[in-house]
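Listed below are the residues making up each chain.
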Amino acid sequence: VIQRSESPLVTAQLLIKNGGEVDPPELAGLADMTANLLTKGTQSRDATRIAQEVESLGGSLDSVARWDSSFVNVSVMSSKIAQAMEILADVVRHPTFKSEEVERLRQQYLDNVTLALGDPGSIARFVAARVVFGDSPYGHPISGTTESLTRITAGDIAKLHARYYRPDNAILVIGGDVSAKDGLELGKKYFGDWQKPSAPLPAISAAMENAASQTARVVVIDKPDAGQAAVYLARTGINRRDADYFRGIVANSVLSGYSGRLNQEIRIKRGLSYGAGSSLDARRDVGPFVASAQTKNESGAVVADLLLGEIGRLSSAPPADSELTPRKAVLIGGFSRNLETAGGLVGQVGSLALYGMGLDEINRYINNVQSITDVQKFAGARLDAKTSNIIIVGNAKAFLPELQKKYPKVEVIPVAELDLNTALLRKKQQTRE
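From a predicted model like this one, the values you see are computed outputs, not experimental measurements.

Student: Looking at this structure, how should I read the overall build of the protein chain?
Tutor: The number of helices and strands found in the protein chain is 16 helices and eleven strands. By the compact-globule yardstick of 22 Å for 433 residues, the protein chain fits well, its C-alpha radius of gyration being 23 Å. Long-range contacts, defined as pairs at least 24 residues apart, comprise 81% of the intrachain contacts of the protein chain with a sequence gap of at least 6. Approximately 19700 Å² of the protein chain is accessible, and the part contributed by carbon and sulfur atoms is 51%. Computing the positive centroid from 50 side-chain charges and the negative centroid from 48, the protein chain places the two 3 Å apart.

Shown next, in the form of structure tokens:
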């Protein structure tokens, strides 16, 4: 419980310590569908009643799965928190997963996948995950594929819920205008009789098992009708408990953001993209580092070189204080702004608890960022451009000849043959009799 009384709002989050990484290989999207369906009906409330009750409290209720976690959030005025907690406990503990709700959600997910597969940027993101993580748990699309979503049944959803939604795998965080005493009483009242199943929690295999090798690949997805090319540079990064976590996020900040190096070089100086940036996603296991930009098809190979070049430059010379100071200020400003809301505060504390970090890190974040003076060594050792994978999705004939001059072993996959269900990325050819 985090008491902060400046605002009369409270957010409660019930966090389950597993997410998309526990999807069975053939059922990508299962954890996300399960989380989403929690608010679509319980033993005592249908989806309409849940929505009406939350609305009558002037609140909001949402549920989702990410990598490493699934959660339900409810936010209301502090005077309504008891009623909201009762709904929160009901949707977490007693969902029904009715077939009509499963089918409705399945159709929404299938529509979203169809839309995503028409967008070069989305395709590149999916392919990058497969190239970096192979068939290991972080490799598949967290929201599923057309094939996996079609296979998921209400029984699969109920089984995942029974397996992971249990008190010894959950964290309850309540933040805002509520005292520690009152928060604890609410927790006891609505979750105190939640029984731990007799079966032990499933062992979690390391997400990097069966991950792809770190031999750099250059993969082109040929989409002749693409209006532009999505260029991704992707490799393994760090996990959340890495001793170099703060050095990593400062290094990434130097590269990313409007005034970061990638955008300065690719958009502002050369006008090759509306925006270029990077992300360092630290997870329970090693997450991805991705640098990306979208550009006209003809400049796909040039932009790949520029992304590699800027990351290489960061590892060869330290940034001056005049550059490092404002990039650290961006991180601190974003962190501080996030803590201004009850929801942001609860999210930060929940994340620290999820990864087993000391909750007092929230008070040390600013000093930890400010103390970083050297990112050159981190960039050289952990973001090494030479072992990064290049993924380009677009009209290949416009950039492939230029790309092959530098990379003779380019893998070209026509978009019609792309299979995101496997690290091979290609649909199996039908053998003729």
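There's plenty left to go through after this.
Student: What is the right way to look at the sheet that holds strand β9 (residues 288-295) in this model?
Tutor: The strands making up a sheet are joined through hydrogen bonds of the backbone, oriented either antiparallel or parallel. Pairing is mixed in the open sheet, where six strands are placed in the order β8-β9-β7-β10-β6-β11. In the strand order of this sheet, the two ends are held by β8 (276-280) and β11 (411-414), each with one partner. Between one strand and the next, the sheet's axes are offset by a mean angle of 15 degrees, whatever the strand orientation.

Student: Can you walk me through helix α4 (residues 99-116) in this structure?
Tutor: An α-helical turn contains 3.6 residues, so any two residues separated by three or four positions project in the same direction. Relative to the 26 Å expected for 18 residues at 1.5 Å per residue, α4 spans 25 Å between its end C-alpha atoms, a close match to the ideal helical length. Restricting attention to buried positions, one finds in α4 the residues Glu101, Val102, Leu105, Arg106, Tyr109, Leu110, Val113 and Ala116. One side of α4 carries all its buried residues, which in axial view fall inside an arc of 165 degrees. Exposed and facing more than 90 degrees away from the buried side of α4 are Thr114 and Leu115. Residues of α4 that are buried make contact with α1 (30-37), α2 (47-56), α5 (120-133), α6 (146-151) and α7 (154-164).

Student: Help me out: how do you make sense of unusual backbone geometry in this one?
Tutor: Most of the time, phi is negative for any residue but glycine, and the peptide bond is trans. For Phe97, which is not glycine, the phi dihedral falls at a positive 50 degrees. Note that Phe97 resides in the loop between α3 (81-93) and α4. Owing to a relative accessible area of 8%, Phe97 belongs among the buried residues under this scheme. The phi angle at Leu425 is positive, at roughly 70 degrees, despite the residue not being glycine. Examined against the element boundaries, Leu425 turns out to sit in the segment after β11.

Student: Just to check I follow, could you spell out the side chain of Asp23 for this structure?
Tutor: Within the element layout of this structure, Asp23 appears in the loop between β2 (9-16) and α1. The buried charged residue Asp23 lacks any salt bridge partner; its closest oppositely charged side chain belongs to Arg130, at an N-O distance of 9.3 Å. From its side chain, Asp23 meets the backbone nitrogen of Leu30 in a polar contact 3.5 Å long. Here the side chain of Asp23 touches Ala31 through a polar contact of 2.8 Å, landing on its backbone nitrogen. Discounting residues that sit within four places of it in the chain, Asp23 has contacts with Ala28, Gly29, Leu30, Ala31, His140 and Ile142.

Student: Is there a simple way to explain the pairing of β8 in this structure?
Tutor: If a strand is regular, its side chains alternate between the two faces of the sheet. For β8, the buried fraction is high: four of the five residues fall into the buried class. Bridge count between β8 and β9: five bridges; the pairing is antiparallel. Its bridge partner being in β9, Leu280 is matched across the sheet by Phe289.

Student: What am I meant to see in helix α8 (residues 180-191) here?
Tutor: Given a rise of 1.5 Å per residue, twelve residues ought to cover 16 Å, and the 16 Å separating the end C-alpha atoms of α8 matches this to within 8%. Those residues of α8 that sit buried are Gly183, Leu186, Gly187, Tyr190 and Phe191. Along the axis of α8, the buried residues cluster in a sector spanning 100 degrees; they form a single face. Away from its buried face, by an angle of more than 90 degrees, α8 presents the exposed residues Lys181, Lys188 and Lys189.

Student: Help me understand the sheet that holds strand β1 (residues 2-3), please; the structure alone is not making it clear to me.
Tutor: Pairing in this open sheet of five strands is mixed, and the strands run β1-β5-β2-β4-β3 from one edge to the other. Strands with a single pairing partner mark the edges of an open sheet, and in this sheet they are β1 and β3 (60-66). Examined bridge by bridge, β3 and strand β4 (residues 69-77) share seven bridges and lie antiparallel to one another. What sits directly across from Val64, in β4, is Phe71.

Student: Before we go on, may I ask you to explain the nonpolar core in this structure?
Tutor: The nonpolar side chains of soluble globular proteins are, as a tendency, buried together. Of all hydrophobic cores here, the largest spans 63 residues; its most connected members are Ile392 and Leu403. It is helix α11 (residues 300-316) that contributes the most residues to this core, eight residues altogether. For Ile392, the residues in contact, after removing those within four places along its chain, are Val219, Val220, Ile221, Ala229, Ala230, Val231, Gly300, Ala301, Ala304, Phe399 and Leu403. Formed by 45 residues, the second largest nonpolar core is a distinct cluster that contains Ala89, Ile174, Leu186 and Phe191.

Student: Got a minute to help me understand the packing of α1 against α7 in this structure?
Tutor: A pair of packed helices can be characterised by two numbers: the angle between their axes and the separation between those axes. The interhelical angle for the contact between α1 and α7, taken along N-to-C directions, is 85 degrees, at an axis separation of 9 Å. The orientation of α1 relative to α7 falls into the category roughly perpendicular. For the pair α1 and α7, contact is made by Leu30, Ala31, Met33, Thr34 and Leu37 and by Asp156, Ile157, Leu160 and His161, respectively. Considering only residue class, the contact of α1 with α7 consists of six nonpolar, two polar and one charged.

Student: So what exactly am I meant to see when it comes to the environment of Ala317 here?
Tutor: Residue position: Ala317 is located in the loop between α11 and α12 (321-338). For the pair Ala317 and Asp111, spaced 206 residues apart in sequence, the C-alpha separation works out to 46 Å.

Student: Could you clarify how one ought to interpret the side chain of Asn169 in this entry?
Tutor: Along the polypeptide, Asn169 turns up in the loop between α7 and β5 (170-176). Overall, the relative accessible area of 4% leaves Asn169 in the buried class. Within the local environment of Asn169, its side chain forms a polar contact with the side chain of Asn18, the two groups lying 2.8 Å apart. Not counting the four nearest positions on each side in its chain, Asn169 is found in contact with Leu15, Ile16, Lys17, Asn18, Tyr164 and Leu201.

Student: How do you make sense of the pattern of salt bridges when you look at a structure like this?
Tutor: Two side chains that carry opposite charge are able to pair once their charged atoms sit near each other. Summed over all chains, the structure comprises 28 salt bridges. The shortest N-O distance in the salt bridge between Glu6 and Arg4 comes to 3.7 Å. Here Glu6 falls in the exposed class, since its relative accessible area comes to 65%. It is possible to trace a salt-bridge network through shared partners that takes in Arg45, Arg49, Glu53, Glu86 and Asp90.

Cut-offs and rules
Residues numbered from 1 in each chain as written. Predicted model: local features only at pLDDT ≥ 70, side-chain atom pairs only at ≥ 80, totals over all residues. Heavy atoms only, no water. Helix = DSSP H or I, 4+ residues; strand = E, 2+ residues; numbered from the N terminus. Rg over C-alpha atoms; globule rule 2.2 N^0.38 Å. Contact = heavy atoms within 4.5 Å. Areas by Shrake-Rupley, 256 points an atom, 1.4 Å probe, with all protein chains shown as cover. Lys, Arg positive; Asp, Glu negative; His and termini not counted. Charge placed at Lys NZ, Arg CZ, Asp CG, Glu CD. Pairing = 2+ DSSP bridges. Axes fitted to C-alpha atoms, helices over the stretch in contact; angles between N-to-C directions. Expected span 1.5 Å × (residues − 1). Buried < 20%, exposed > 50% of the residue type's maximum accessible area, 1.4 Å probe, protein only. Arc of directions from axis to C-beta. Salt bridge = Lys/Arg side-chain N within 4 Å of Asp/Glu carboxyl O. Polar contact = N/O pair within 3.5 Å; in protein donor to acceptor, adjacent residues only side chain to side chain. Core = buried A, V, L, I, M, F, W, Y, C linked by side-chain atoms within 4.5 Å. Parallel < 35°, antiparallel > 145°, perpendicular 65-115°, else oblique. Nonpolar A, V, L, I, M, F, W, Y, C, P; charged D, E, K, R; others polar.

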